[in-house]
Amino acid sequence: MSQRKMNQLKNGEEHEEGTLPELPEHIFIEILAKIPPKFLYETFRYVCKAWYTLICNSEFIDKNALHHKHGILIQVPKWPYRLDNKRFKTSFLQMDEKELDFNLTNFGPSRMGLIRSSCNGLILVSEPREKTSVLCVKNFLTGSALTLPSCPSGCKHGYGVCGSALGFNPITKEYKVVHMYADGYGFEMFTIGSDDEWRRIPGPFKEASERPFNIEQFRWSDPVSIERQVLHWFVDSEKYIISMNIRDEKVSKTNLPDFGRRIIKHKYELLEMDGKLSFVYKASKYRIDVWVLKDFGRQVWSKEHSIIAKSTNYITLRASSGPTKKDKDQSEGGGQKDDDNETNDASLNREEKKDKLPDFAKLAAVATLRNGEVIMLKHKKNSGHHDLMYLYDFKHEEMRKFKMKMKEGQKFIPHRSSLVSWRTQSELSAEISNISL
């Protein structure tokens, strides 16, 4: 849609009456719900007051989100790299619906803070301030933003020093932020809309001897979020992980799958896979096993997939120099021109060539896509200025390699854009009054 057309819609010049089309209401809503949230927010909500009210309705927002699949936010630190680097460049990766391929666009401003998690389109991010960082909850599409109070633990929310996540209680419709800096201090909780300050709940270990890690060396990381409600933390253990249910804020140990032999902790990763927790284990240089937690309450695991080298159809892809103009134009959240004149930090060229399969023991699973049908893996060793990345399709047993321009410290966060906001009814009413009938 042209900019002139968008301006006409916003100014009320293209429609003669502020009523919905002459269609059955449920059909009209289904049609509108399939439109990407970016276009709903930037254009369609300005057509008339009736459309605006519908698009801002929470039930419609939920319906709209269901029609749009998750992608992966990829963050790389801005150069020069330091562990305390507070600025990151972000791209958004979305899978092709048919091919083992993807589309990559810029996301947000060219320099932004560290993204900790995503929930219903809202993003928890550590925004840099002088000598520290603060946790903020943002929707980069709608511009909604909330800065949280400083944590009582005194954490500065730097890279690799704490673990944070944003969760959602479907019963109370409340969003909660969970923060872990030191388990001796306990978890810090903040409920958006009802809390004025952080609350503390006990950590998972009553005695120091219970910890499976060296307290001087271990740092809590951001947890894996499942269905926005259950969080899982890696705690350097060969036997269990730490879990929390957002609804009742109860902390528990979740046993890792039992497959008849000792688990080696540096050989597994935890990922979200189609609404379940997955345990991805490098069994050997020729096989990767994927276990799924089928029942969280009863701790029932099932081995769902195995990636076996000899049965894998392998195709490799060359790297390209940067994003296309179309990619740049599709940037979400007010993408800005990068003043470093850097190329996009993740890019792809579809030219295929022959190559040999990687050593599976040297790969790390970083994300799943297409409702768990595809897994994304990364070579653990950085090859110069590029990282070797792989997509594997479980159904077709096909693997493709490509190169991404990365730096040490990159991060992968599942994300789906939405129109979720926490504006008050008075704010919404004020906006509606400015729309032409």
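Please read these numbers as outputs of a predicted model, since none were measured by experiment. Positions within a chain are numbered from 1, following the residues in the order the chain's sequence is written. In keeping with the predicted nature of the model, local features appear solely for residues at pLDDT of at least 70, side-chain atom pairs appear and are counted solely at 80 or more, and the whole-chain, interface and lining totals rest on all residues. Just so you know, side-chain values use all the structure's heavy atoms and leave hydrogens and water out.

## Here we look at a negative patch on the surface
- Candidate patch residues must exceed 30% relative accessible area and have no salt bridge, after which like charges are joined if within 9 Å and Val, Leu, Ile, Met, Phe, Trp or Tyr side chains if within 5 Å. For the area figures, the Shrake-Rupley method with a 1.4 Å probe applies, and any residue is considered shielded solely by the protein chains shown. Here a salt bridge means any side-chain nitrogen of Lys or Arg lying within 4 Å of a carboxyl oxygen belonging to Asp or Glu. Think of it this way: Lys and Arg go in the positive column, Asp and Glu in the negative one, and His and the chain ends go nowhere. Where a charge sits is defined by one atom per residue type, namely NZ (Lys), CZ (Arg), CG (Asp) or CD (Glu). There is a patch of like negative charges on the surface, built from Asp96, Glu97, Glu99, Glu227, Asp274 and Glu373.
- Each helix is a run of H or I in the DSSP string that is no shorter than four residues. Each strand is a run of E no shorter than two, and both are numbered from the N terminus. Position of Glu373 among the secondary structure elements: in the loop between strand 22 (363-369) and strand 23 (374-379).

## Things to note about a nonpolar patch on the surface
- Residues Leu23, Ile27 and Ile31 make up a contiguous nonpolar surface patch of about 250 Å² in total accessible area.
- Tracing the backbone shows Ile31 in helix 2 (residues 25-33).

## Overview of the confidence of the model for the protein
- Model confidence for the protein is summarised by a mean pLDDT of 83, while 79% of its residues fall at 70 or above.
- What pLDDT expresses is the predictor's confidence in each residue, scored from 0 to 100. The contact rule is simple, with two residues in contact once any of their heavy atoms fall within 4.5 Å. This model gives residues 318-331 a pLDDT under 50, and the stretch forms 28 contacts once residues within four places in sequence are excluded.

## Side note on the pattern of salt bridges
- Enumeration according to the criterion identifies 17 salt bridges in this entry.
- Where Glu249 meets Arg199, a salt bridge forms, and the shortest distance between an N and an O atom there is 2.9 Å. In this pair, Glu249 sits in the loop between strand 14 (240-245) and strand 15 (250-255) while Arg199 sits in strand 11 (residues 199-201), placing the two residues 50 residues apart along the sequence.
- Whether a residue is buried, partly exposed or exposed follows from its accessible area with a 1.4 Å probe, protein chains only, as a fraction of its type maximum: under 20%, in between, or over 50%, in that order. Taking the relative accessible area as the measure of exposure, Arg199 reaches 27% and is therefore partly exposed.
- If you follow the salt bridges from partner to partner, you end up with Lys176, Asp195, Arg199 and Glu249 in one network.

## Let's talk about the pairing of strand 14
- Judged by how many residues are buried, strand 14 sits mostly within the fold: six of six residues are covered.
- Across the two faces of strand 14 the burial is the same, with Tyr240, Ile242 and Met244 and Ile241, Ser243 and Asn245 all buried.
- Should DSSP find at least two bridges between two strands, the strands are regarded as paired. Relative to strand 14, strand 13 (residues 230-233) runs antiparallel, the two being bridged by four bridges. Paired with Leu231 across the strands is Met244, a residue of strand 14.
- Between strand 13 and strand 14, which pair antiparallel and follow one another directly, the connecting turn spans six residues, one of which, Asp236, has a positive phi of 65°.
- Note: strand 14 against strand 15, six bridges, orientation antiparallel. Looking across to strand 15, one finds that Met244 is bridged to Val251.

## Topic: the sheet that holds strand 13
- Read across the open sheet, the four strands follow the order 12-13-14-15; overall the sheet is antiparallel. A strand with exactly one partner marks an edge of an open sheet, and here the two such strands are strand 12 (224-226) and strand 15. The average undirected angle you get between the axes of adjacent strands in this sheet is 30°. Axis geometry follows a simple rule: fit a line to the C-alpha atoms, using only the stretch in contact for helices, then measure angles between N-to-C directions, giving values from 0 to 180 degrees.

## Overview of the packing of helix 2 against helix 5 (residues 58-66)
- Between helix 2 and helix 5, whose axes approach to 9 Å, the crossing angle comes to 55°. Relative to helix 5, the element helix 2 lies oblique. Here helix 2 contributes Ile29, Glu30, Leu32 and Ala33 to the contact with helix 5, which in turn contributes Phe60, Lys63 and Asn64.
- Each residue gets one of three labels, nonpolar for Ala, Val, Leu, Ile, Met, Phe, Trp, Tyr, Cys and Pro, charged for Asp, Glu, Lys and Arg, and polar for the others, Gly among them. Along the lines of polarity and charge, the residues of the contact of helix 2 with helix 5 split into four nonpolar, one polar and two charged. Working definition: roughly parallel below 35 degrees, roughly antiparallel above 145 degrees, roughly perpendicular at 65 to 115 degrees, and oblique for all remaining angles.

## Focus: the sheet that holds strand 9 (residues 174-180)
- Spatial strand order, 8-9-10-11: four strands in an open sheet with antiparallel pairing. Whereas interior strands pair on both sides, the edge strands pair on one side only; in this sheet they are strand 8 (163-169) and strand 11. Neighbour to neighbour, the strand axes of the sheet diverge by 30° on average, direction disregarded.
- As defined by bridge partners, strand 9 adjoins strand 10 (residues 187-191) across four bridges and the pair is classed as antiparallel. Bridge assignment links Val178 to a residue of strand 10, and that residue is Met189.

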